[in-house]
Amino acid sequence: MPNPILEARVIITCPGRNFVTLKITTTDGVYGIGDATLNGREFAVAAYLQEHIIPCLIGRDADRIEDTWQYLYRGAYWRRGPVTMSAIAAVDVALWDIKAKRANMPLYQLLGGRCRESVTVYAHANGHEISDLLESVAQHQELGYKAIRVQAAVPGVADAYGVPHGDKPYEPADGTIPREEVWNTPKYLRFMPRLMDAVRSKFGFDLAILHDGHHRMTPIEAASLAKSLEEFQPFWLEDLTPAENQDAFRLIRQHTTAPLAIGEVFNSIFDCQKLISEQLIDYIRTTIVHAGGITHMRRIASFADLYGVKTGSHGATDLSPICMGAALHFDLSIPNFGIQEHMPHTALTDEVFPHAYTFANGLMHPGEAPGHGVDIDETLAAKHPYKRAYLPVCRLEDGTLHNW
Ligand code: CS2
Ligand code: MG
């Protein structure tokens, strides 16, 4: 029996930061929701959905998830890109939510059932000084985390990635126009071994330690960083250099056995085809919302599995709880899951998006609610309207625009 789509709507809310949600309702009264948030470019995806996708959804059979994915991907003629792929992802996740609700199953069951008991997540520790960072690592360990990302301010450098300004929790999209940060790579490269040494000396080698380079190095700088940190056995080094040129990673790989991770800004399997098939990375960090939904993420993960590459999905607070919920079902169901990023949302965001997923002892579980287990409180969402916010931009000390 077909299950035609009756209605689809975009909901934009700002419970502290902006989130875009697509809600699809079918004629039998079941609804599903998908995350469509693209940090700093929210309205581009909202307009894509409202003007170009929703009119084509009405009356379509909600059960035909793969066909709808192909229709939206091939049918647009213009392929890929973060706006298109986030919009497709929102539809895809909403349809998986509907199908799992109709089957009266938690989504991971529909995806083939669990491959593990729960999902290992990593937290963010940071500090203005190495001593603050060590304290932050200790606090996260007390919360149960077994894997922790470490970022600290670099002496003599105005702004480092991943460190909050002042005492507020780290949240980079804070400018009504983009804040300008100033960066110096050589100082960072000299500082990082000292940071890693301090962390390993205090916490030993059992704790999994991650670090994010946030695209700021050239390939040879990245190779030099990885080589200098290898002895500290990082779990991974993330986004060391941009990957528009996937070959750049071959150069890094020639110099180090430190595990490499990348992919949070990728939106299709073609962005990582060479990185994976030539085994230039160890973890692929694409997410449900920015890489075409569960349908496309399953394709990327299956491809990665052929080459011994594991997943390590992006899970920052600019991805809504809907993305987090969907990601946890995906993580539980695939064989080559590696780790999942976890940056907890604020209490207000959790209230706007009530969810079945839980955290305990460094592990997360998507819960047993039918569907992906995340909902939206539209009345509360409406009380927190959109506020324009930009991610920062980054310049070198001589004023050259760099990668943030
Ligand atoms: C980061 C993100 O979580 C990460 O690994 O790189 O916080 C990233 O800076 C933001 O998602 C940008 O919107
Ligand atoms: Mg990152």
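Going along each chain's sequence as written, the residues are numbered from 1 onward. Lettering of chains starts at A and numbering of ligands starts at 1, both following the order in which they are written. Selection of residues for local features in this predicted model requires a pLDDT of at least 70, selection of side-chain atom pairs for listing and counting requires 80 or more, and totals for whole chains, interfaces and linings are taken over all residues. Working from all heavy atoms in the structure, the side-chain values ignore hydrogens and water.

Peer 1: Help me out: how do you make sense of the sheet that holds strand 3 (residues 31-35) in this one?
Peer 2: Strands pair in a sheet through their backbones, by hydrogen bonds, and they do so in one of two ways: parallel or antiparallel. Spatially, the 3 strands line up as an open sheet ordered 1-2-3, and their pairing is antiparallel. The sheet terminates laterally at strand 1 (5-13) and strand 3, the two strands that pair on one side only. Strand-to-strand, the axes of this sheet are offset by a mean angle of 20 degrees, without reference to chain direction. Direction of pairing for strand 1 relative to strand 2 (residues 19-26): antiparallel, over a ladder of 8 bridges. The residue of strand 2 that forms the bridge with A8 is I24. Residue contacts follow a heavy-atom distance rule, with two residues in contact if any of their heavy atoms lie within 4.5 Å. Think of each axis as a best-fit line through the C-alpha atoms, taken over the contacting stretch in the case of a helix, with angles from 0 to 180 degrees between the N-to-C directions. In DSSP terms, a helix is any run of H or I states spanning at least four residues, a strand is any run of E spanning at least two, and both are numbered starting from the N terminus. The sheet contacts of helix 1 (residues 42-57) involve strand 1 and strand 2, and relative to strand 1 the element is tilted by about 170 degrees. Packed on one face of the sheet, helix 3 (residues 82-102) meets strand 1, strand 2 and strand 3 and runs near 145 degrees to strand 3. Only when DSSP finds a minimum of two bridges between them are two strands counted as paired.

Peer 1: Just checking my understanding: could you explain the packing of helix 1 against helix 3 for this structure?
Peer 2: If you want to describe how two helices pack, look at the angle between their axes and the distance between the axes. Helix 3 packs onto helix 1 with a crossing angle of 55 degrees between their chain directions and a minimal axis gap of 9 Å. The angle between helix 1 and helix 3 places the two elements in the oblique class. For the element pair helix 1 and helix 3, the recorded crossing hand is right-handed. Counting all contacts with helix 1, which are made through A44, V45, Y48, L49, I53 and L57, the residues of helix 3 involved are V83, T84, S86, A87, I88, A90 and V91. Polar here means any residue other than Ala, Val, Leu, Ile, Met, Phe, Trp, Tyr, Cys and Pro, which are nonpolar, and Asp, Glu, Lys and Arg, which are charged; Gly is therefore polar. Of the residues that constitute the contact of helix 1 with helix 3, the class distribution is 11 nonpolar, 2 polar and no charged. Throughout this description, any angle smaller than 35 degrees is read as roughly parallel, any larger than 145 degrees as roughly antiparallel, any in the 65 to 115 degree range as roughly perpendicular, and the remainder as oblique. By convention, the crossing between two helices is left-handed when the near helix turns anticlockwise from the far helix through less than a right angle, and right-handed when the turn is clockwise.

Peer 1: Just to check I follow, could you spell out the nonpolar core for this structure?
Peer 2: One recurring pattern in soluble globular proteins: nonpolar side chains tend to sit buried together. Residues enter a nonpolar core if they are buried and are Ala, Val, Leu, Ile, Met, Phe, Trp, Tyr or Cys, with the set joined through side-chain atoms within 4.5 Å. Each residue gets one of three labels from its accessible area relative to the maximum for its type: buried under 20%, exposed over 50%, partly exposed in between, using a 1.4 Å probe on protein chains only. Membership of the largest hydrophobic core comes to 122 residues, with the highest contact counts inside it found for I24, L49 and L195. Sorting elements by how many residues they give to this core places helix 3 first, with 11 residues. Both of domain 1 (5-106) and domain 2 (110-368) provide at least three residues apiece to this core. Discounting chain neighbours no more than four positions away, the residues touching L49 are V10, L22, A36, I54, P55, A87, A90 and V91. Judged by nonpolar contacts, the second largest core, of 8 residues, contains Y122, A147, A261 and Y283. Note that the domain bounds were set by an automatic or database domain assignment.

Peer 1: I keep staring at the environment of R149 and nothing clicks. Help me out?
Peer 2: Residue placement: R149 occurs in strand 5 (residues 147-152). Setting aside chain neighbours within four positions, we find R149 in contact with Y122, A123, H124, A125, Y161, G162, L210, H211, D212 and E341. Residues adjacent in sequence count toward polar contacts only when both atoms are side-chain atoms; beyond that, a polar contact is any pair of N or O atoms within 3.5 Å, and within protein one must be able to donate a hydrogen and the other to accept it. There is a polar contact of 3.0 Å between the side chain of R149 and the side chain of Y161.

Peer 1: Help me out: how do you make sense of the site of ligand 1 in this one?
Peer 2: Near ligand 1, the surroundings consist of 15 residues, among which Y161, H214, E264, D318 and E341 are the closest. Within the side chain of E238, an N or O atom sits 2.9 Å from an oxygen atom of ligand 1. With the chains in place, 94% of the 340 Å² that ligand 1 exposes on its own is no longer accessible. We call a residue near a molecule or strand when any one of its heavy atoms sits within 4 Å of it. Where accessible areas are quoted, they stem from the Shrake-Rupley method and a 1.4 Å probe; at the residue level, only the protein chains shown are allowed to cover.

Peer 1: How should I be thinking about the packing of aromatic side chains in this particular structure?
Peer 2: For any pair of aromatic rings, geometry is given as the distance between the ring centres together with the angle between the planes. Aromatic rings from Phe, Tyr and Trp, taking only the six-membered ring of Trp, are treated as a pair when their centres fall within 6.5 Å; an angle between ring planes under 30 degrees marks them as stacked, one over 60 as edge-to-face, and anything in between as tilted. Under the defined criterion, the tally for this structure stands at 12 aromatic pairs. With 5.8 Å between their ring centres and 75 degrees between their planes, Y161 and W404 make a pair best called edge-to-face. On the criterion of sequence distance, the pair formed by Y161 in the loop between strand 5 and strand 6 (180-183) and W404 in the segment after strand 16 (401-402) is long-range, its members being 243 residues apart. Both residues of the pair, Y161 and W404, count as buried. The ring of Y31 carries K101 above its face, with NZ or CZ at 4.0 Å from the centroid. By definition here, charges over rings are those cases where NZ of Lys or CZ of Arg is within 6 Å of the ring centre and within 35 degrees of the ring normal. Sitting over the face of the ring of W183, R216 holds its NZ or CZ atom 4.7 Å from the ring centroid.

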